[in-house]
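Listed below, chain by chain, are the residues.
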Amino acid sequence: MTVEYKVHSNIAVITLNNPPVNGMNYETRKQICASLDQAANDDTVAAVVITGAGKAFSGGADIKEFNTPKMSQEPSLHSVINAVESFEKPVIAAIHTVCMGGGLELALGCHYRIAAPGAQIALPEVKLGLLPGAGGTQRLPRAIGVENALNMIVSGEPVKSEMLAKLSDQKLFDRIASSPETLMEEALTFASHVATIRPLPLIRHLKASHPNADGYFAFARNTVTAMSKHFPAPLKCIDCIEAAVQKKFKEGMDFEREQFIALLMTPESKALRHAFFGERAASKIPDVPESTPVREVKKLAVIGAGTMGGGISMNFLNAGIPVIILETSQEALDRGIATIRKNYESQVKRGKLSQEKYEQRMALLSSTLNYEDLKEADMAIEAVFEELNVKQAVFTKLDAVMKPGAILATNTSTLDVDKIASFTKRPQDVVGTHFFSPANVMKLLEVVRGKQTAKDVLATVMAIAKKIKKTAVVSGVCDGFIGNRMIEQYSRQAGFLLDEGCTPAQVDQAVEKFGFAMGPFRMGDLAGNDIGWAIRKRRATERANMRYSKTADLLCEMGRFGQKTAAGWYDYLPGKRDAIPSKIVTDMIEQHRKNKGLTPRKISDEEIVDRLVYSLVNEGAHILQEGIASKASDIDMVYLTGYGFPLWRGGPMCYADTVGLFNVIQRMKKFQKNPLDDASFWEPAPLLLKLADEGKTLT
Ligand code: T1G
């Protein structure tokens, strides 16, 4: 049972109880209607109160049912709301907390609404690439006014119940209870008070109007157009709200329904819903139960006060966790702390952080040159130079001083976490926490699970990631973990495209038009081309048979490391970041082609995008197959939150499913025929072939 029915003297109380958020799935919808029938047929019942149990009144329709027959299986959400609205006895919604999407639409169909203060009220469908599809765009403007409704629906952001109740001539809330604890009692009293009042007030009978509708909606469309470049939903929300003003209620409802169904089928909405669930699924580790006890982390030690160490420290200071930062020299310490201070000061200047919070955070930061001072810390994160012998020195010392049960984490981006764990006597307490630069900004955190990493260490790190507002994705130990292992193949393809006739700008522009925040060459100039160069040199032996374009090495041999040397794949004016195509680079590439006897050809943007994106897909499929990533959505979350992959395409694996795995493989087979490409590169991963053969998908 996901709905409880109980009569309190002459008031029937229907309680939604479908954990975790009272999503209105088919079973719940059916039971709400059954409870209404029960109340209708009970003459002792004078009124009905609908409320929710647990952490929500209702989080809305059950998104998991979308694009399945269950979603519109009768009683649909529309039918439930119509049944409430046409009920012959007063129905009162008693809202104690989260009331969103279809949950709010259900409440809007009730005759009265009473909410506890602090309840989060929202129509967040736009964040899923949808719009409120059960009357929200028609009733909310009637309840709180066109402009207030449009702001809520187009932003999808929650508003506190007491704020909405303060709106002039609002008809959304008839009462705000004195507290969540007294809400039910007050709702029962209110229900008795209105039990005999007729006619029953219906929001649909109110008028949605605006003194300058045409002008306002034109303004709204202009405002929204910029933010919704790749997302059709925001403009459709405006169309529906305008329909609430221009059309009769029923026609407005029909219009809303059409627009909702159209959005439901868009790849953008599928991508956003994929990301919604992917974000939540990433925190679940198949063989680590959610009930796994976590270790308490009340104090963090950070080893290394460089760019990464400073950024990592800020994440924890922001979450109110004290940090002690260790360096090898006072000068390095001072420099690192000064950088943290400067970052906070610029946030204060931009009004993003209050002076008080800045001071609170800095007060949580201490520093030392002495490992002995770390012994009270519950966790240490090492962020020192990316050389194994340096890591070995650090972890040997940490192992000697850190208290038993302390977690020892490494921020390495390429080294073997198992090897690092072997430098300690407590490999079970060692884990990788790979932050992405700038560490205090980028949401992605790759949690690298060593062979011996204890389950409670993983559970602890995942819980901490949530606390410091990171999207944590668990990766197994391999070269480059998930993100960098895939980006290496992507970068190889980018180099082959230069050999075959592209310029860096053409490749970058093609993928940026596809939606990447930054193409591979601009990204290299930003991160530093010398990083990849060092990795390639370190791997020269083990990767002797892996073909690369020489251009990246030639570039670095010219000292063109990117923005930090004001010259990389592009030229840069001093102190500026604008990438200017460079004749020196073009000449180098042309000379390189001549030396290799390569005749450049015209390459289409489509080929550029397919070769770069499918290189990610293919390597991602290998990663999935090897168990380095446990689910395709984890790989997508890595690329959506750490590599600027366009959100409206859902990530490389989601995008491959949208294109169709059969079609992806056909393209890869075509690339295999390119004599200048690396045929083995385009050998489809067995998992891709298997899924395509079975007509299945990656996500
Ligand atoms: N449907 C299905 N599952 C949902 C869900 C939903 N609407 N909302 C949350 N969940 C799951 C979520 O996947 C997670 O699952 C668990 O609940 C806890 O979520 C017709 C079409 C409500 C503010 O967009 O914003 O109504 O990982 O970790 O931090 O117009 O969930 O435990 O297996 O986020 O306390 C519109 C989406 C739907 C609200 C609670 N509603 N949800 O936050 O928990 S479309 C939304 C949220 C609709 C109608 C339209 C948040 C929350 P698992 P959580 P939380």
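Please read all numbers here as calculations on a predicted model, not as lab measurements.

**Q** Is there a simple way to explain the overall build of the protein in this structure?
**A** Helix and strand content of the protein: 28 helices and 20 strands. Taking the principal axes of its C-alpha atoms as reference, the protein extends roughly 90 × 60 × 50 Å. Taking all 699 residues of the protein together, the buried fraction comes to 55%. A separation of at least 24 residues holds for 73% of the contacts in the protein among residues at least 6 apart in sequence. Looking at the protein as shown, the accessible area adds up to about 29800 Å², and 56% of this sits on carbon and sulfur atoms. For the protein, the distance from the average site of its 85 positive side-chain charges to the average site of its 80 negative ones is 2 Å.

**Q** So what exactly am I meant to see when it comes to the sheet that holds strand 4 (residues 56–58) here?
**A** Where strands meet in a sheet, backbone hydrogen bonds hold them as pairs that are either parallel or antiparallel. Here we have 4 strands laid out as an open sheet, ordered 4-6-8-9, and mixed in their pairing. Only two strands of the sheet have a single partner each, and these edge strands are strand 4 and strand 9 (159–160). Sheet topology places strand 8 (residues 120–122) next to strand 9; 2 bridges connect them, and they run antiparallel. Bridging across to strand 9, Ile121 finds its partner in Val159. Sheet strands touched by helix 3 (residues 102–109): strand 4, strand 6 (98–100) and strand 8. Its angle to strand 6, the strand with the most contacts, is close to 85°.

**Q** Quick question: what am I supposed to make of helix 4 (residues 136–144) here?
**A** The α-helix winds at 3.6 residues per turn, so residues separated by three or four positions along the chain end up facing the same way. With 9 of its 9 residues buried, helix 4 lies for the most part within the structure. For helix 4, the full list of buried residues reads Gly136, Thr137, Gln138, Arg139, Leu140, Pro141, Arg142, Ala143 and Ile144. Buried residues along helix 4 sit in contact with helix 2 (77–85), helix 3, helix 5 (146–155), helix 6 (161–165), helix 9 (233–246) and helix 10 (249–264). In the stretch just after helix 4, Gly145 is the one whose phi turns positive, near 95°.

**Q** Is there a simple way to explain the site of the ligand in this structure?
**A** Lining the immediate environment of the ligand, one finds 27 residues, of which Gly59, Ala61, Glu105, Glu125 and Lys284 sit closest. The backbone of Ile63 places a nitrogen or oxygen atom 2.9 Å from a nitrogen atom of the ligand. Considered on its own, the ligand offers 990 Å² of accessible surface; in the complex 78% of this is hidden by protein. When contributions to the shell around the ligand are tallied by element, the ones reaching two or more residues are strand 6, helix 3 and helix 11 (267–281). No other element matches helix 11, which puts 3 residues into the shell around the ligand. For the shell around the ligand, the class distribution of residues is 15 nonpolar, 5 polar and 7 charged.

**Q** Where do I start with the domain arrangement of the protein in this structure?
**A** Many descriptions give the size of an interface as the accessible area lost when the pieces come together. Partitioning the protein into structural domains gives domain 1 (3–264), domain 2 (300–475) and domain 3 (483–693). Domain 1 and domain 2 are separated by 45 Å when their C-alpha centres are compared.

**Q** What am I meant to see in unusual backbone geometry here?
**A** With the exception of glycine, the majority of residues adopt a negative phi angle, and the majority of peptide bonds are in the trans configuration. With an omega of -5°, the peptide bond running from Arg198 to Pro199 counts as cis. In this fold, Pro199 is placed in the loop between helix 7 (183–194) and helix 8 (213–227). In this model, Ser437 is joined to Pro438 through a cis peptide bond whose omega is -5°. Although it is not a glycine, Lys469 sits at a positive phi angle of roughly 60°. Among the secondary structure elements, Lys469 is positioned in the loop between helix 17 (455–467) and strand 18 (471–475).

**Q** When you look at the side chain of Glu256 in this model, what are you seeing that I'm missing?
**A** You can see Glu256 is positioned in helix 10. Here Glu256 occupies a buried position and makes no salt bridge, while the nearest side chain of opposite charge, Arg257, is found at 6.1 Å. Within the structure, the side chain of Glu256 is placed 3.5 Å from the backbone nitrogen of Ala134, a separation counted as a polar contact. For Glu256, the contacting residues outside a window of four places in its chain are His78, Leu131, Pro132, Gly133, Ala134, Gly135, Gly136, Thr137, Gln138 and Cys240.

**Q** When you look at the sheet that holds strand 1 (residues 3–8) in this model, what are you seeing that I'm missing?
**A** Strand order in the open sheet formed by 6 strands is 1-2-3-5-7-10, with mixed pairing between adjacent strands. Bordering the open sheet on either side are strand 1 and strand 10 (175–176), each of which pairs with just one other strand. Taken together, the 6 bridges between strand 2 (residues 11–16) and strand 3 (residues 47–52) define a ladder with parallel strand orientation. When the bridges of strand 3 are listed, Ala12 appears paired with Val48. Running over the sheet, helix 1 (residues 26–40) touches strand 1, strand 2 and strand 3 and is turned about 20° from strand 1.

**Q** Would you mind going over the pattern of salt bridges with me for this structure?
**A** Between side chains of opposite charge, pairing is possible as soon as their charged atoms come close. Taken as a whole, this structure holds 39 salt bridges when the rule is applied. Residues Arg560 and Asp571 are paired through a salt bridge, measuring 2.5 Å at the closest nitrogen-oxygen approach. A residue pair is termed long-range when its members are at least 10 positions apart, and Arg560 in the loop between helix 22 (551–557) and strand 19 (570–571) and Asp571 in strand 19 qualify at 11 residues. Of the charged contacts, one joins Asp587 and Lys583 as a salt bridge, the two residues approaching to 2.6 Å between their closest N and O atoms. In this pair, Asp587 and Lys583 both sit in helix 23 (residues 583–596), 4 residues apart, roughly one turn of the helix. Classification of Asp587 as partly exposed rests on a relative accessible area of 33%.

**Q** Any chance you could explain the packing of helix 24 (residues 605–625) against helix 28 (residues 686–693) here in plain terms?
**A** Helix 28 packs onto helix 24 with a crossing angle of 95° between their chain directions and a minimal axis gap of 7 Å. In terms of their interaxial angle, helix 24 and helix 28 are classed as roughly perpendicular. Side by side, helix 24 and helix 28 meet where Val617, Asn618, Ala621, His622, Leu624 and Gln625 of the first sit next to Pro686, Leu687 and Leu688 of the second.

**Q** Is there a simple way to think about the nonpolar core in this case?
**A** Side chains that are nonpolar tend, in soluble globular proteins, to be buried together. Among the nonpolar cores identified, the biggest contains 68 residues, and Val48, Ile50, Ile95, Leu106, Ile121 and Phe217 are the most heavily contacted of them. Per-element tally for this core: the top contributor is helix 9, with 7 residues. Residues contacting Ile95, with those up to four places away along its chain left out, are Phe57, Ala107, Ile114, Ala115, Ala116, Ala119, Ile121, Phe173 and Leu183.

**Q** Please clarify how the packing of aromatic side chains should be interpreted in this entry.
**A** Any two aromatic rings considered together are summarised by their centre-to-centre distance and by the angle between their planes. Following the criterion strictly, the structure yields 19 aromatic pairs and no others. Relative to Trp648, the ring of Phe231 lies with its centre 6.0 Å away and its plane at 85°, an arrangement referred to as edge-to-face. Taken together, the positions of Phe231 in the loop between helix 8 and helix 9 and Trp648 in the loop between helix 25 (632–642) and helix 26 (652–659) put the pair 417 residues apart, joining distant regions of the chain. Note on Trp648: relative accessible area 14%, which makes it buried. Relative to Tyr655, the ring of Phe514 lies with its centre 5.1 Å away and its plane at 85°, an arrangement referred to as edge-to-face. Residue Phe514 is found in helix 19 (residues 504–514), and its partner Tyr655 is found in helix 26; the two are separated by 141 residues along the sequence. Of the two residues, Phe514 and Tyr655, both sit in the buried class. An aromatic cluster of at least three residues, connected via ring pairs, comprises Tyr490, Phe514, Phe516, Phe645 and Tyr655. One cation-aromatic arrangement involves Lys537 over Trp533; the distance from NZ or CZ to the ring centre is 3.6 Å. Stacked on the ring of Phe496, the Lys or Arg Arg547 has its end atom at 4.3 Å from the ring centre.

Calculation notes
Along each chain, residue indices are assigned from 1 in the same order as the chain's sequence is written. Thresholds applied to this predicted model are a pLDDT of at least 70 for local features of residues and 80 or more for the giving and counting of side-chain atom pairs; totals over whole chains, interfaces and linings are not thresholded and use all residues. Computation of side-chain values covers all heavy atoms of the structure but excludes hydrogens and water. A run of DSSP states H or I qualifies as a helix once it reaches four residues; a run of E qualifies as a strand once it reaches two. Both are numbered from the N-terminal end. Buried, partly exposed and exposed residues are distinguished by accessible area as a fraction of the type maximum, computed with a 1.4 Å probe on protein chains only: under 20%, between the cut-offs, and over 50%, respectively. In what follows, residue pairs with any heavy atoms lying within 4.5 Å of each other are defined as contacts. Only the protein chains shown count as cover for residues, and the accessible areas themselves come from Shrake-Rupley with a 1.4 Å probe. His is not counted, nor are the chain ends, whereas Lys and Arg count as positive and Asp and Glu as negative. Charge positions are represented by NZ for Lys, CZ for Arg, CG for Asp and CD for Glu. At least two bridges found by DSSP between two strands are what make those strands a pair. Lines fitted to the C-alpha atoms define the axes, with helices restricted to the stretch that makes contact. Angles between their N-to-C directions range from 0 to 180 degrees. In this text, near means that some heavy atom of the residue lies within 4 Å of the molecule or strand in question. In protein, a polar contact means a hydrogen-donor-capable atom and an acceptor-capable atom, both N or O and within 3.5 Å, with residues adjacent in sequence counting only if both atoms are side-chain atoms; elsewhere, any N or O pair within 3.5 Å suffices. Amino acids outside the nonpolar list (Ala, Val, Leu, Ile, Met, Phe, Trp, Tyr, Cys, Pro) and the charged list (Asp, Glu, Lys, Arg) are all regarded as polar, and Gly is one of them. What counts as a domain boundary in this text is fixed by an automatic or database domain assignment. Within this document, salt bridges are pairs made up of a side-chain nitrogen of Lys or Arg and a carboxyl oxygen of Asp or Glu, the two lying within 4 Å of each other. Small angles under 35 degrees read as roughly parallel and large ones over 145 as roughly antiparallel, with 65 to 115 read as roughly perpendicular and the rest as oblique. For this analysis, a nonpolar core means a set of buried residues of the types Ala, Val, Leu, Ile, Met, Phe, Trp, Tyr and Cys, connected via side-chain atoms within 4.5 Å. Within 6.5 Å between ring centres, the rings of Phe, Tyr and Trp (the latter by its six-membered ring) count as paired, and their orientation is classed by plane angle as stacked under 30 degrees, edge-to-face over 60, tilted in between. Lysine NZ or arginine CZ positioned within 6 Å of the ring centre and within 35 degrees of the ring normal marks a charge as sitting over the ring.

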